[in-house]
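Examining the three-dimensional arrangement
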Amino acid sequence: MDQLLLNIHPQSIKSLENFVIGENFETIATIRHFLTDINLQFFFLWGDKGSGKSHISEIVKRDNILVIEDIESYDNIGQIEVFNIFNDYKENNKKLFITGSNSPNNMGLRSDLASRLSWGLVYQIKVLTDAKKKLALLSHAKQKGMLFDNKVIEYCMKHLKRDLHYLIATLDALDSWSLKEKKPITTQLLKKLLAKKR
């Protein structure tokens, strides 16, 4: 049980195919284009926590593209370093993907860096609605062959933090525990799992 609780974190290989698009169709379509078009060098992706920036970043990294995440967390020296990286990549025609919590000019960054980040593609990624998260959880469960009443999903949405990766990881831990205990997946089993976690 202890190991299952430690494993409540995302496990599956992230891809654009298993990313739940929601209202982000244009953003995801442009990211696909960015990954394949040699003429597109820079992409700045911004959005709230839980919107999917880490998911997308992992995909981009696998294409051997440098990814700099959470630019708003960089201090002045760090921002100067990113500014220099940007200029170097521009000169050498390399791709660079950067993420942040807001658009380049709305994070209190150095003005020269904010200006650079605005040069390329700048897109927002929006957090999924609860309805879309429910659909994502049901789709994940179906892919894994998990069988349970929809009340399990409703309980997760009502009592757990709304981060989709956490919700999926919780379902995975619940699935593993139900197999180990040879018990069906129910809200009662989920409550016992969460009680142990506390």
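Residues numbered from 1 in each chain as written. Predicted model: local features only at pLDDT ≥ 70, side-chain atom pairs only at ≥ 80, totals over all residues. Heavy atoms only, no water.

**Describing the nonpolar core**
Residues L137, F148, V152, L171, L174 and L190 are the most contacted members of the largest nonpolar core, which totals 25 residues. When residues in this core are grouped by element, the largest group, eight residues, is from helix α8 (residues 164–181). Once you skip the residues sitting within four places of it in the chain, L171 turns out to touch L137, M146, F148, V152, I153 and C156. Formed by 18 residues, the second largest nonpolar core is a distinct cluster that contains L16, F43, I56 and L121. (Core = buried A, V, L, I, M, F, W, Y, C linked by side-chain atoms within 4.5 Å. Buried < 20%, exposed > 50% of the residue type's maximum accessible area, 1.4 Å probe, protein only. Helix = DSSP H or I, 4+ residues; strand = E, 2+ residues; numbered from the N terminus. Contact = heavy atoms within 4.5 Å.)

**A few points about the side chain of K95**
Relative to the helices and strands, K95 resides in the loop between α4 (76–91) and β3 (96–100). One buried charged residue, K95, remains without a salt bridge, the closest side chain of opposite sign being D37 at 5.9 Å. One polar contact links the side chain of K95 to the main-chain carbonyl oxygen of F34, over a distance of 2.6 Å. A distance of 2.6 Å separates the side chain of K95 from the backbone oxygen of D37, its partner in a polar contact. Residues within four places of K95 in sequence aside, it is in contact with F34, L35, D37, I38, L40, Q41, I65, L66 and Y89. (Lys, Arg positive; Asp, Glu negative; His and termini not counted. Salt bridge = Lys/Arg side-chain N within 4 Å of Asp/Glu carboxyl O. Polar contact = N/O pair within 3.5 Å; in protein donor to acceptor, adjacent residues only side chain to side chain.)

**A few points about the confidence of the model for the chain**
Here the chain averages 90 in pLDDT, while 93% of its residues score no lower than 70. Low pLDDT (under 50) marks residues 4–10, which in the prediction has 14 contacts with non-local residues, meaning those over four places away or in another chain. (pLDDT = per-residue confidence, 0-100.)

**Remarks on the pairing of strand β4 (residues 121–124)**
Here β4 shows a buried face lined by L121 and Y123 and an unburied face lined by V122 and Q124. As paired strands, strand β1 (residues 42–46) and β4 are joined by four bridges and run parallel to one another. Looking at β4, one finds that W46 is bridged to Q124. (Pairing = 2+ DSSP bridges.)

**Comments concerning the pattern of salt bridges**
Within the structure shown, the criterion is met by nine salt bridges. The shortest N-O distance in the salt bridge between D130 and R162 comes to 2.4 Å. Separated by 32 residues along the polypeptide, D130 in helix α6 (residues 130–144) and R162 in the loop between α7 (150–159) and α8 bring together distant segments of the chain. The class for D130 is partly exposed, based on a relative accessible area of 34%. Residues K134 and E154 are paired through a salt bridge, measuring 3.3 Å at the closest nitrogen-oxygen approach. Placement of K134 in helix α6 and of E154 in helix α7 is noted, with a sequence separation of 20 residues between them. On the accessibility criterion, K134 (25% relative accessible area) is partly exposed. A relative accessible area of 42% means that E154 is categorised as partly exposed. A network of salt bridges, in which partner residues are shared, links K14, E58 and R62.

**Quick word on the sheet that holds β4**
Across the sheet, four strands lie side by side as β2-β3-β1-β4; this open sheet has parallel pairing. With partners counted over all chains shown, the strands left at the sheet margins are β2 (66–68) and β4, one partner each. Strand-to-strand twist across the sheet, computed as the mean angle between neighbouring axes with direction ignored, equals 15°. Strand direction decides the pairing type here: β2 and β3, joined by three bridges, are parallel. Within β3, the residue paired with V67 across the bridge is F97. Contacting β1, β3 and β4, helix α2 (residues 25–36) runs over the sheet at an angle of about 155° to β1. Packing of helix α3 (residues 53–61) onto the sheet brings it into contact with β1, β2 and β3, and relative to β3 it is tilted by some 170°. (Axes fitted to C-alpha atoms, helices over the stretch in contact; angles between N-to-C directions.)

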